[in-house]
Amino acid sequence: MVELQTDMPRVAVFISGGGSNLQALIDAVKAGILRAEIALVVSSRRTAGGLQRAEREEIDNIVFKSKQYESDELAGAFLLEQLHKRSIDYIALAGFMSLLPLVVVKEYTGRIINVHPALLPKYGGKGMFGHYVHEAVLKAGDKQSGVTVHLVDEIYDNGRILEQVTVPVESEDTAETLAARILKQEHRFYPRVLQKLINGEYK
Ligand code: GRF
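Just so we're clear, the structure is a prediction, and the values are computed from it rather than from any experiment. (Residues numbered from 1 in each chain as written. Predicted model: local features only at pLDDT ≥ 70, side-chain atom pairs only at ≥ 80, totals over all residues. Heavy atoms only, no water.)

Q: Explain the overall build of the protein chain to me, please; I cannot follow it from the model alone.
A: Helix and strand counts for the protein chain come out as 6 helices and 7 strands. Mapped from its N terminus to its C terminus, the protein chain presents α and β elements in the order β-α-β-α-β-α-β-α-β-α-β-β-α. For a compact globule of 203 residues, the expected C-alpha radius of gyration is about 17 Å, and the protein chain comes in at 16 Å, within 12% of that figure. Taking the principal axes of the C-alpha coordinates as reference, the protein chain spans close to 50 × 40 × 35 Å. Split into buried and exposed, the 203 residues of the protein chain put 48% on the buried side. The contacts in the protein chain between residues at least 6 apart in sequence include a share of 66% that link residues at least 24 apart. Surface exposure of the protein chain reaches about 10,300 Å², of which carbon and sulfur atoms provide 52%. (Helix = DSSP H or I, 4+ residues; strand = E, 2+ residues; numbered from the N terminus. Rg over C-alpha atoms; globule rule 2.2 N^0.38 Å. Buried < 20%, exposed > 50% of the residue type's maximum accessible area, 1.4 Å probe, protein only. Contact = heavy atoms within 4.5 Å. Areas by Shrake-Rupley, 256 points an atom, 1.4 Å probe, with all protein chains shown as cover.)

The structure is reproduced here in structure tokens:
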């Protein structure tokens, strides 16, 4: 049973897939690297592997598909209600594949972050996710790629860059090997940047 830590900032993690970054955030809380409570997991897919992680860790979780709503406003109203109900302070996107409703972005401005597996502003934007990112890096012949953590606004991968870490591209890399090297860094890096945001270090 996870102990309720009511004095901690409350974080909602948004996922669409395997949720390895969600797991890294959970592990960072357990290790005392991230002083927060992961109070909610929101998944855009019912079958996302990350939902099983949430269940296993006894973290409250919901499925939220923005396309099921007639308008962005209605989707936003539902989501805000869910976030308010759990007194969520911060939102961490971790492989979430949709845009957040505008009202959510507005209310949580400066308190929503995303992790992207490349050095933004290169290789970002709509359609630049998963293997597409790494294939583009390899095709361009870049000698390095990396991880970007940025604030989220209403445009994909567009908000203020908070931190970046570089990762070397090896000559024999495939999209898979490069993705794996970068993902390892994401897991180490993302919880630490979230903690710095909570600390107020990015004013
Ligand atoms: C990560 O590479 C992240 O940078 C990107 O989506 C991927 C999510 O992976 N935004 P996981 O679901 O956390 O394993």
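Q: Looking at this model, I keep getting lost on the pattern of salt bridges. Mind explaining?
A: Should their charged atoms come close, side chains of opposite charge can pair. Scanning all chains against the criterion turns up 6 salt bridges. With a shortest N-O distance of 3.2 Å, Asp142 and Lys122 are connected by a salt bridge. Placement of the pair is Asp142 in the loop between helix H5 (131-140) and strand S6 (144-151) and Lys122 in the loop between strand S5 (112-116) and H5, with a sequence separation of 20 residues. You can call Asp142 buried: its relative accessible area is 18%. Between Arg181 and Asp173 there is a salt bridge whose closest N-O contact spans 2.7 Å. Accessibility expressed as a relative area gives 11% for Asp173, which makes it buried. (Salt bridge = Lys/Arg side-chain N within 4 Å of Asp/Glu carboxyl O.)

Q: Which parts of the structure should I look at to understand the site of the ligand?
A: Taken together, Gly18, Gly19, Ser20, Asn21, Gly95, Val115, His116, Pro117, Leu183 and Glu186 make up all the residues around the ligand. Ser20 is positioned with one of its side-chain polar atoms (N or O) 2.5 Å from an oxygen atom of the ligand. Within the contact set of the ligand, a nitrogen atom lies 3.0 Å away from a backbone nitrogen or oxygen of Val115. For the ligand, the accessible surface in isolation is 360 Å², of which the surrounding protein chains cover 78%. When residues of the shell around the ligand are traced back to their parent elements, those giving at least two are helix H1 (20-30), S5 and helix H6 (175-199). Grouping the amino acids of the shell around the ligand by side-chain chemistry returns 3 nonpolar, 6 polar and 1 charged. (Near = heavy atom within 4 Å. Polar contact = N/O pair within 3.5 Å; in protein donor to acceptor, adjacent residues only side chain to side chain. Nonpolar A, V, L, I, M, F, W, Y, C, P; charged D, E, K, R; others polar.)

Q: Please explain the environment of His131 as it appears in this structure.
A: Relative to the assigned elements, His131 resides in helix H5. In sequence terms His131 and Glu176 are 45 residues apart; their C-alpha atoms lie 7.3 Å from each other.

Q: For this particular structure, what's the right way to read the pairing of S6?
A: Side-chain direction in a regular strand flips from residue to residue, so the side chains alternate between the two faces of the sheet. Burial analysis of S6 places 7 of its 8 residues in the buried class, the great majority of the element. Here 4 bridges tie S5 to S6, and the two strands are oriented antiparallel to one another. Residue pairing across strands places Asn114 opposite His150, the latter belonging to S6. With 7 bridges connecting them, S6 and strand S7 (residues 161-168) associate as antiparallel partners. For Val147, the partnering residue across the bridge sits in S7 and is Val165. (Pairing = 2+ DSSP bridges.)

Q: Looking at this structure, I do not really get H6. What am I missing?
A: Residues three or four positions apart in an α-helix share a direction because the helix packs 3.6 residues into each turn. Taking 1.5 Å per residue, 25 residues should reach 36 Å; H6 reaches 35 Å between its end C-alpha atoms and fits that length. The largest bend along H6 reaches roughly 30 degrees and is located at Phe189, with the proline Pro191 sitting one to four residues downstream. Looking only at H6, the buried set comprises Ala175, Leu178, Ile182, Glu186, Phe189, Tyr190, Pro191, Val193, Leu194, Gln195, Leu197 and Ile198. Directly after H6, the chain includes Gly200, whose backbone phi takes a positive value near 80 degrees. (Expected span 1.5 Å × (residues − 1). Bend = angle between axes of the 7 residues up to and from the residue.)

Purely spatial values, then, with no claim about function.
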